[in-house]
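Architecture at a glance
Listed below, chain by chain, are the residues.
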Amino acid sequence: MPLFIVHFAHYHADFRLPELEALSQLENVPISYDAQHHSASSPFLLLTVASAADAAKLVRRAILIRSIIEHWGSGPTYSDVFAQVQAQPERTAHYKHASFRFAVESFGRSLAHEHKISVIESFSFMGFEGPVRMQGAEQEFFVAEQYEEDCKTDGPPEHVWFGRVVGHGSRELIDRFDVKKRKYLGNTTMDAELSLLMANQALARPGALVFDPFVGTGSFLLTCAHFGAFTAGADIDGRQMRGTAGFRRNTQGIQANTAQYGVSGRVLGTLVADISHSPWTRGQLFDAIVTDPPYGVRAGAKRLGRRTGVQPERSLRLVDGVENHRRPEYYPPTVPYEMSDVVDGLLQFAADMLVVGGRLVYWLPTVAGEYVPEDVPAHKSLRLVANSEQPFGGWSRRLITMEKIQPSEQSPAPLLAHSPAHKNFRDRYFAKFEPTESLRTSSGDCD
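Scope of this entry: the structure provided in the associated data block. From a predicted model like this one, the values you see are computed outputs, not experimental measurements.

**Describing empty space enclosed by the protein**
Evaluated as defined, the whole model comprises one cavity of 30 Å³ or more. As a volume, the largest cavity reaches approximately 50 Å³. If you trace the largest cavity, you find it lined by Phe211, Pro213, Ala234, Ala273, Asp274, Ile275, Ser278, Pro279, Trp280 and Phe349. Residue classes in the lining of the largest cavity are distributed as eight nonpolar, one polar and one charged.

**A word on the nonpolar core**
Formed by 69 residues in total, the largest nonpolar core has its most connected members in Phe286, Ile289, Val290, Leu360, Tyr362 and Trp363. Top element by residues in this core is helix H11 (residues 339-353). It accounts for eight residues. If you look at the next biggest cluster of nonpolar residues, it comprises 21 residues, including Val6, Val29, Ile68 and Val166.

**Focus: H11**
For H11, which comprises 15 residues, the first-to-last C-alpha distance of 21 Å matches the rise-based estimate of 21 Å (1.5 Å per residue) to within 8%. The element H11 is extensively covered by neighbouring structure, given that 12 of its 15 residues are classed as buried. Its buried side turned inward, H11 meets strand E7 (209-212), strand E10 (286-291), strand E15 (354-367), strand E16 (382-391), strand E17 (395-404) and helix H12 (425-430).

**As for the pattern of salt bridges**
Oppositely charged side chains can pair when the atoms bearing their charge come close. What the rule picks out here adds up to nine salt bridges. The shortest N-O distance in the salt bridge between Glu27 and Arg60 comes to 2.9 Å. Taken together, the residues span a long stretch of sequence, with Glu27 in helix H1 (residues 16-27) and Arg60 in the loop between helix H2 (52-59) and strand E3 (65-75) at a distance of 33 residues. Classification of Arg60 as partly exposed rests on a relative accessible area of 48%. Glu70 is the salt-bridge partner of Arg164, the closest N and O atoms lying 3.1 Å from each other. A residue pair is termed long-range when its members are at least 10 positions apart, and Arg164 in strand E6 (residues 159-168) and Glu70 in strand E3 qualify at 94 residues.

**Observations concerning the packing of helix H7 (residues 192-201) against helix H8 (residues 219-226)**
Between H7 and H8, whose axes approach to 9 Å, the crossing angle comes to 55 degrees. Between H7 and H8, the crossing angle belongs to the class labelled oblique. Where H7 crosses over H8, the two elements pack in a sense that is right-handed. Contact residues: H7 offers Ser195, Leu196, Met198 and Ala199, while H8 offers Ser219, Phe220, Thr223 and Cys224. Of the residues belonging to the contact of H7 with H8, the class tally is five nonpolar, three polar and no charged.

**Here's the deal with the environment of Gly345**
Tracing the sequence through the fold places Gly345 in helix H11. As for Gly345 and Ser276, which are separated by 69 residues in sequence, their C-alpha atoms are 6.7 Å apart.

**Details of the sheet that holds E17**
With mixed pairing, seven strands are arranged side by side in an open sheet as E9-E8-E7-E10-E15-E17-E16. Two strands close off the open sheet at either side, each with one partner strand: strand E9 (267-272) and E16. Neighbour-to-neighbour, the strand axes of this sheet turn through a mean angle of 15 degrees, independent of strand direction. Pairing analysis gives nine bridges linking E16 to E17, with the strands arranged antiparallel. Looking at the pairing, Arg383 lines up with Glu403 of E17.

**A word on the pairing of strand E5 (residues 139-146)**
In terms of burial, E5 is largely enclosed, as eight of its eight residues are buried. What you see with E5 is no split at all: Gln139, Phe141, Val143 and Glu145 on one side and Glu140, Phe142, Ala144 and Gln146 on the other are buried throughout. Pairing geometry for strand E4 (residues 100-107) and E5, over eight bridges, is parallel. Residue Val104 lies in a different strand from E5, and its bridge partner there is Val143.

**Comments concerning the sheet that holds E3**
Reading across from one edge, E2-E1-E3-E6-E5-E4 is the order of the six strands in this open sheet, with mixed pairing throughout. Either end of the sheet is taken by a strand with one partner, and the two such strands are strand E2 (44-48) and E4. Averaged over all pairs of adjacent strands, the angle between their axes in this sheet comes to 35 degrees, without regard to strand direction. Sheet topology places strand E1 (residues 3-8) next to E2; five bridges connect them, and they run antiparallel. Bridging from a neighbouring strand, Ile5 pairs with Leu46 of E2. Running at roughly 80 degrees to E6, H2 makes contact with E1, E2, E3 and E6 of the sheet.

**A closer look at the environment of Arg303**
Structurally, Arg303 can be placed in strand E11 (residues 302-304). Separated by 33 residues in sequence, Arg303 and Pro336 place their C-alpha atoms 6.4 Å apart. Leaving out residues up to four positions away in the same chain, Arg303 has contacts with Ile236, Asp274, Ser276, Pro333, Thr334, Val335, Pro336 and Tyr337.

Definitions and cut-offs
- Residues numbered from 1 in each chain as written.
- Predicted model: local features only at pLDDT ≥ 70, side-chain atom pairs only at ≥ 80, totals over all residues.
- Heavy atoms only, no water.
- 1 Å grid on protein atoms, 1.4 Å probe; cavity = no way out; pocket = protein on both sides within 12 Å on 5 of 7 lines; lining within 4 Å.
- Points joined across faces, edges and corners; volume = space filled by probe spheres on them.
- Nonpolar A, V, L, I, M, F, W, Y, C, P; charged D, E, K, R; others polar.
- Core = buried A, V, L, I, M, F, W, Y, C linked by side-chain atoms within 4.5 Å.
- Buried < 20%, exposed > 50% of the residue type's maximum accessible area, 1.4 Å probe, protein only.
- Helix = DSSP H or I, 4+ residues; strand = E, 2+ residues; numbered from the N terminus.
- Expected span 1.5 Å × (residues − 1).
- Contact = heavy atoms within 4.5 Å.
- Salt bridge = Lys/Arg side-chain N within 4 Å of Asp/Glu carboxyl O.
- Axes fitted to C-alpha atoms, helices over the stretch in contact; angles between N-to-C directions.
- Parallel < 35°, antiparallel > 145°, perpendicular 65-115°, else oblique.
- Left-handed = near helix turned anticlockwise from the far one by under 90°.
- Pairing = 2+ DSSP bridges.

Given below as structure tokens:
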């Protein structure tokens with residue numbers, strides 16, 4: 001099988017391989033690589049794919065991959081690379097008369113322009129006779145020098161990579177979906193890079209139906225719809241969806257953004273609903289559920305309910321001649337929804353509503369020093385696919401990807417011998433994650 005070099009962006013290293021695996025499934029391109037030898041400190045990975053065409057197909061919608069390169073040589077020195085190139089002269093001959101360009105990059109150190117020129121000239125033995133074109137070249141050749149990260153001393157690179165570029169990812173979408181450019185924006189809007197990444201993790205594709213039960217300002221509806229999926233969402237707070245709350249108000253809310261990005265025909269709509277009182281009962285309806293449950297850093301989780309002593313008839317009163325619950329700024333009566341209960345309910349909803357093979361992709365907040373892998377909620381109908389961490393110092397959020405493997409059954413959350421690191425997360429966050437005796441007891445004692 002041909003060998004290729006995957007050139008990752010040096011961001012979100014823990015998310016790289018899960019996205020790569022998702023792309024392999026989406027594009028039906030089998031891949032093989034040695035995960036044990038991939039380091040988060042390196043942006044390069046050797047990968048086997050059947051052909052250059054399949055390699056280009058594999059990465060064409062990637063968010064964390066810059067490019068994929070047909071491997072022509074690699075090693076600790078340029079001499080090693082030159083020897084490998086010279087051992088296969090038929091490759092060079094095939095592109096002898098094509099227009100071409102060389103791209104020289106580095107990792108761990110900046111390279112002077114003069115050094116880049118000398119590197120390009122060192123490959124003159126390849127004997128290309130076509131014109132050099134910095135724009136629109138038929139072939140692009142990639143050279144990379146890899147040093148220790150943030151290397152401050154002079155010396156040779158640790159590794160040299162060389163090959164022919166066969167495909168690029170879609171990192172330009174990060175700028176296109178930049179939240180600062182959106183007509184409507186709220187205080188819980190997910191940034192573009194992670195929204196797009198989650199769409200890939202969810203296998204969003206033409207004809208799929210994707211649902212966000214905590215839709216907020218609708219970031220996931222936009223990115224999943226961009227990749228061809230039909231999307232819909234719900235939220236207990238209709239003001240976020242309608243655009244009567246958030247940083248940029250009175251802009252028609254989510255509808256303004258769907259029109260801006262040209263996906264109105266694939267965003268089917270939104271509804272005011274509480275996931276703990278879902279308007280659906282059961283049925284294999286969704287191909288993916290993609291969501292960011294509210295966990296209290298910017299907005300606390302709520303569910304329908306009334307605190308003791310609140311008169312229910314108040315919500316039915318007229319305000320300026322309009323029934324209160326029909327006003328655009330209406331917010332229904334709610335009570336707090338504890339984080340571990342939110343996630344358990346989300347898993348059961350996914351088990352009930354996903355098709356077999358469908359995916360649940362969601363964020364799970366955890367206290368950094370207390371998290372253990374067993375904290376990730378489990379369900380008999382769902383298989384854990386990926387668990388990627390984004391650290392924030394004292395806490396982290398983890399992108400959890402699960403796949404429905406069998407028809408739904410009621411699966412009460414397993415009792416743990418300890419409280420999971422996401423239990424009472426909002427309280428822990430505002431207490432600056434100070435340990436408390438009440439949170440060291442078993443989950444059964446915390447109810």
